[in-house]
Structures are given as structure tokens and as C-alpha cells.
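# Understanding the architecture of this molecule
What follows is the residue order along each chain.
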Amino acid sequence: MKRRTDPTRSPARFAIAPVAAAVLGACFASPAQAQAQAQDPGLALRPSLRLQEQLPAEVRSQTPSFVSGRRIEGHTGQTTTVEGEAELRRHDTVIRADRLSFDDRTREAHAEGNVLINRGGDRFKGPALRLNVDTFKGYFEQPEFELLSNDGRGDATRMDFHDEDHSTAHQARYSTCPRNPGADWMPAWLVRANRIEFDNVEEVGEAYGGVLEFKGVPILGAPYFTFPLSDKRKSGLLPPTIGLDSVSGLELTLPYYFNLAPNYDLTVYPTLMTKRGLDMGAEFRYLQPDYTGRVRGSFMPSDRLRGEDRWGYTLQHNQSFTDALNRLGGRGGAGLSLNLNRVSDDDYWRDFPRASATLTQRLLPSDAVATWSQGYWSASAGAYTWQTLQDIDAPITPPYDRVPSLALTYSRGDLGWSDKTGSLAMTLYGEYTRFESNPLLTGQSNGERAMAVATLSRRFQTPGWFIEPRARLHSTQYTFDQPLANGLRSASRAVPSVSLDSGLVFERDASYFGRAFLQTLEPRAYFTWTPYRDQSLLPNYDSGAVDFNLATIYSENVFTGNDRISDTRGVTLGVSSRLLDPETGAEIVRLGVAQRYLLKDQNVTLPGGEPVQERFSDVLLAARVQWTPRWLFDTTFQYNPTTNESVRTTVSARYTPRPYHVLSAAWRLQRGASEQFDVGWQWPLSGMFGRSPDPVPGYGLGAGQWYGVGRINYSVPDRKVVDLVAGFEYDAGCWIGRVVLERLQRSQASANQRILFQLEFSGFSRIGSNPLQTLRDNVPRYQYLREEINPPSRFQRYD
């Protein structure tokens, strides 16, 4: 049967009626598909809440093909030709051309003139195409292409399609920069290669004989390299990082990533430091249902600046034995945690300041802890050790190792005396610890401590008030390796404590500056009585002074740890007030003031301390205001009424009007000790004197934007910058440039400086050093300019 349509009957695209669509669909379907459709020509519609990106394989093989155009002619089972706005559509594949012919015997389509393929959102345009619609094998002459997954695009002299997921571009150019219509495409950066192979299964591109050009200048070339087509992990050479350090010289790191399995991987990162030598580093990460962890280490043979081998490692492991315990008939939960950190020498922290992940670079903890819990009971057994990195100009007293430390806890909150206000609660805690350190450095004898703490409390609470009486008995027994000053090798101590915490909550509707609020007034009174027990001869293994603030002023003990129990006998009075948004409950304003009055002198002190004889403590005042989400103001003020001056003051403010706009400033004063200013920022320079463009979520403010970014910490007594991170970011749309200066204080007299510079080619790679982690760690609320919100969908490019 021969069919012909008259193109003069309708100037618009030839629209297929339902019956005609079925006929033409059968024409382009395989014989098996045509037979299945003949047996059941109806289409069963099923409700769905979303469009499917991919159809199941068994359904995909049965999808028909539809064709439209101004003029169609052909023979059933042979060749069909469509001319004039020709279009062939089958599931996620669309072929358009001026002329389109389809051979039903070979299942090949041949398109000529303004050919366009859209397959799953990937678009290819060119003058001529030959393609098998079943196997997706064929070729495209002189195509231009756009990839959906990473917004990549390019052109080639020829594109070979091997199957649905693999293709090869010959004499190709590739970039993620936009293509300017009507002009010769010369993006800011591109990859030129003799051949680029695209693998949509592994989501990777492989370039052979390729070179990376930036602004027309070749900057990186290799006979073979790979690049990602998505964020999927893959093995391969990672972009090199380059830095300039004032001590180590030029630093060049060439990392290689091994994607060993979906749940573990390995990265090796050799680093060449021109003044030191070669540092070999590696990191192994693993993830299992019951455990996870990572191991990271580095080794530098014969550091030229130190004349010795340098090394460091860290191991972190967390494991749950709960499932294994239950399978054996046990109950409760059990776990193991390992955190091991060691380096080769005392100078490692200053020579490799970014190698350690710990907050205290000179105190490296190594812990191994096993835990168990069931019902009201819990237990732990662990070993806690430290490596102390000493500085001859600023020595520190090393903390004690706890090897071992065993603890057992019994805790219940339902002992009785229950009503709608609460219930009686009890906690029993027992601990045994062996303390070890160098007596020549600590000035104290090593020893063992066994203690038991019993706590009984009852909280009465209603919406308008609360009262909580509490009683505690702290009993401790010591055994020492060396005798104390009184000649004894053991000591014991039992300290009882009672306290009463109470408060009221008043609420009222209020209005300030034309804005409605729910205002609270919350007075609080806290009474504590702990009798004096002489503890001056006891060693201090783990006690320190508690930070004095509005939380700790309502507590029994002014010391941390268990070697000093303060004889606090006093009353704390305070009051706070809050303004709450009546609709959202957000806290807009919070004000607070508190002061403690001692009924008797506080005679228990830390070694070298003086008894507290002043009856009135310093006054604590705090205020936090966030009138709008843009502005935040926070201050804490510690005032001594005897000397009529502030002891410690912290004032901070943050302004965040829009995404990628943040300014923060803080002033911290501790009288007689330190005074520092801290300023941080991330701000588009184009918006400094006017309104900047509206941000695109996860995409910054668009192309052509300069950003200033940094943080400065300045010491007033020293009259110098302590730490500095400052630089610029430029967002060109398809690439980002960063230059950051980092200065870290190494000692009182010296600092480490380095320059970080980076080119980020969007959706491709980064070249240079990596300042992103430095910016995240130092700049408050720093936002990365490229954050993928949702994976792209083929329906974004449906036509």
C-alpha cells in the first residue's frame, strides 16, 4: 500500500490523528511489536505522580514510534520517507530533519538537513545522520552536541554511536561554556582531542590526544585523560593542586583516586615540596552496615629542612555490635570507637599545619572505647592517651593518659512519687581510672582513682513554674605510686551536695515598633550547698575551671572533672526576657542577667589558686537580637562590681541580607589576657555600591561576578594580625577563579604563609590548590558558588 499526502492542504506540521498514529506507529514498530499492538490496540493509562526518567526494559522494548511531517510516502514493510519538518519520536528519542527516511527492514533511519537528535535530554545537531533506531548504532556528520547530565557541549567532525550508552566524537571540542548562536564557538575553556569517548554507564569521558585550553592558551595536555560526566565517583587521576608556602616552598600534589567498590575507596596524594622533598600520603575510607571509618597517613623520607624522616597518621573507626549481640541471644546495644592520631616529632604541627584534623594541633588524642547499654544500665571501657607536641618557647603541661578507664551507670527516671508534674529520678555512676604521665612534667604522682556518685532529684513543673530539688553524694578513693606530702599513699573523700532550682514563666502580648510579640519574663533562683572538704593534698588529674557564663552559673560545682568538688554555698538569682514571634515562635530578642551570692567563702581551689572571699560574683549580662533574618546581634558582658570594670566582653554581629552576602564582626576582650577583633565576609563586589543580581539557587549570582571573601583575626595587645584568610573569587559562569592568601601563626615570632590559587572548570575539573576547605573552615556561613540542588531531568529538554 502506497500512501501520499498533499503538502498544500495544510501549511502547519502534519498532525497525526489517533487512528493514523496507530497505523504509523505499527509501520515503525518491529513485527513482534506490531503483532502485540494488533492483538491489544488499546492503551492502558495508569495514574502517576511524576514523569518517569527511564522506562522498565520490558516496557521500553514495546514502545511504538511516531512520525509527522508535511509529506509522507512509502510502502509497508519497506521504506518510508518524510519531507518537510520531519519528526520521528520514540519514547525518549526524537529525530528531526528536513528529510527523514526509514527502512523497516534494516530498522535504519537516514536524516538530512538541519538534523536534530534529542535522546534523554542529550541533543545532537548536524547536516546528516544515519542511525539504527533499535540498537542506536550509527553516525552523525559534523555534529554539535549538548549533554544534559553536566551541561557539557561541543562539536566534532563525526560522532559514532556504538549503542545507547557509548559514543565517540572525532576531532572533537568539549566544554561546559554556553554556545553563542550565530557565531564561531570559542568558549573561555575547552578540551581539544583527537578522539573523545563518552560512556554514559560509567558517566565518564575519555580524551585521547587531548589538551585543555584556557582563554586560547594550552595549560594542560596529555595523551590520555578522563573527565566526569556527572558527580559519580570513578577511578582516575585527580586534578593537580599547586600552592606556594613561605616555609615549604612550591607545593605540587598529584592525587590519584581508586574507586575500589561502592562502599570503600582509596586516594593517594604524593606532594612535592621544593624545600623539603617528597611527601607520600594516602587515605582509605570504608563503609559497612555495622561499621565505618577512615585511615589517613603520610611519610616524608629525609625532610631537607629538618634532616629527619617525617610521618603522621590518623585512624577513625566506629562499629556497632548490636545486631551481632542480638543474633547470639543477647540484648541491648554495644559498640566500639577508635580515634588514633600520631606524628613523628614535636615540630610536625607547625611544619604541616593542615595535616591534622584535630582542633588542638599540639594535643593529639588517641582513644579506644567499647560501650554497652541495656535498659537502665550502661557501661564503657576505654583507653585515652595523648601525644603532646612541645614548643620550647611555649611549653604546655601534658594531660594525663587514662589507661584504662572503666565506668558503669544505672539511671532511672521513674522511681515513683509521680504525678502530672514529673517523677523521682536517680542516677548511680561508678568509675575506675588509672592516670599516667611524666611526673617530671606534671609535678604530681601517677595513681588510680575509684569513685561513686549517687544523684537523686525530683522536678515539679507546670507551664508557669518549676521547682527541682536535688541531692548528690560524691565519694572518691585514691591510690598513688608515690607518697603525698603527708607521707600517705592513699586518700579518700566524700562530698555531699544539695541544690534547689526554681523558676517562673510569665507571658503577655506586647507590641514594639509596630510589631506584635509574645513577651516572656522568666525569673530564676538557684540555691546550692556543698560543705567544705580539704582537697589541697589531692593531685589534680582532670579538673579545670568551668567557663563562667549564664549556663554554668546555675550549677553546683565550679570545676570540671572529679578531682576538685567546690564548696559552693550560695544563691544565684537571675532573670531573662524574650520576645517571640506569635506566629512562628521564632526568638527575636533575648535578654538575661544573673549574679551569684556566696553565703560563705569558697575555699576549695585548683593548685595555685586563691580562695574566693568576695560574697558577690561578677554580674553576667547577655543580649541576643535578631529583629530580621538579615541581622543578628549577640553580646555577653561580665562585670565586676568591686572594681567597676568589665572582666570579659564579647560583642558580635552578622549581616546576611541575601545568599552569598555575609558580613560578620566580633570583638572579644578578656581584661589582662587578650583583646581581639575578628572580621569575616563573603560579598559580591558588584553589589558593594548597589543591588546585585538575584541569586540562582546553587549557582551564585550568575556570570561575570567578582566576590571578596576572607576572615581577619587581629590582636590588639600584640598589634598584629594573628590569622588571615583573604582573597577573591570570580564567577564567569562556566569557570570560577580563586586567589586566596592564608597566614597562620606558628609561634610568637613566626607565621606560615601560602598563596592558594585555583581554576574551577564547571562540570569538568579543578586545577591549582584547593582553598575551598580553608574558606569553609574560616569564613562564617561561607557559601560555595556551585551546589547542585536536584539532578537534571530529560524533560527540561523534551523538544
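Now for a quick tour of the structure.

What counts, and at which threshold
Residues numbered from 1 in each chain as written. Predicted model: local features only at pLDDT ≥ 70, side-chain atom pairs only at ≥ 80, totals over all residues. Heavy atoms only, no water. Helix = DSSP H or I, 4+ residues; strand = E, 2+ residues; numbered from the N terminus. Buried < 20%, exposed > 50% of the residue type's maximum accessible area, 1.4 Å probe, protein only. Contact = heavy atoms within 4.5 Å. Areas by Shrake-Rupley, 256 points an atom, 1.4 Å probe, with all protein chains shown as cover. Core = buried A, V, L, I, M, F, W, Y, C linked by side-chain atoms within 4.5 Å. Pairing = 2+ DSSP bridges. Salt bridge = Lys/Arg side-chain N within 4 Å of Asp/Glu carboxyl O. Disulfide = S-S within 2.5 Å.

### Description of the overall build of the protein chain
Summing up its helical and strand segments, the protein chain has seven helices and 49 strands in all. Sorting the 799 residues of the protein chain into buried and exposed places 41% on the buried side. Within the protein chain, residue pairs in contact and separated by at least 24 positions form 49% of the contacts whose partners lie at least 6 positions apart. A total of about 41400 Å² of accessible surface is found on the protein chain, and carbon and sulfur atoms cover 57% of it.

### Some points on the nonpolar core
Judged by nonpolar contacts, the single largest core of 45 residues is most densely connected at Leu129, Phe161, Tyr174, Trp189, Phe198, Phe227 and Phe764. The biggest single contributor to this core is strand β13 (residues 189-199), with five residues. The next biggest cluster of nonpolar side chains, apart from the first, holds nine residues, and it includes Leu772, Leu775, Tyr782 and Tyr784.

### Topic: the pairing of strand β40 (residues 619-625)
For strand β39 (residues 587-598) and β40, the ladder comprises six bridges, and the chain directions are antiparallel. Each bridged residue has a counterpart across the sheet, and for valine 593 the counterpart in β40 is leucine 621. By the bridge criterion, seven bridges tie β40 to strand β41 (residues 631-640) in an arrangement that is antiparallel. Note that in β41 the partner of valine 625 across the bridge is phenylalanine 633. Hairpin geometry of β40 and β41 is characterised by an intervening segment of five residues between the two adjacent antiparallel strands.

### Some words on the pattern of salt bridges
Within the structure shown, the criterion is met by 50 salt bridges. A salt bridge links arginine 434 to glutamate 436; the nearest nitrogen and oxygen atoms lie 3.3 Å apart.

### Description of the state of the cysteines
Inspection of the entire model under this criterion finds one disulfide. The residue that forms a disulfide with cysteine 177 is cysteine 734, at a sulfur-sulfur distance of 1.9 Å. Residues cysteine 177 and cysteine 734 are joined through a disulfide that is right-handed, its torsion about the S-S bond being 70°. Residue cysteine 177 is found in the loop between β12 (166-175) and β13, and its partner cysteine 734 is found in the loop between β46 (720-731) and β47 (735-745); the two are separated by 557 residues along the sequence.

No statement about biological role is implied by the geometric values presented.
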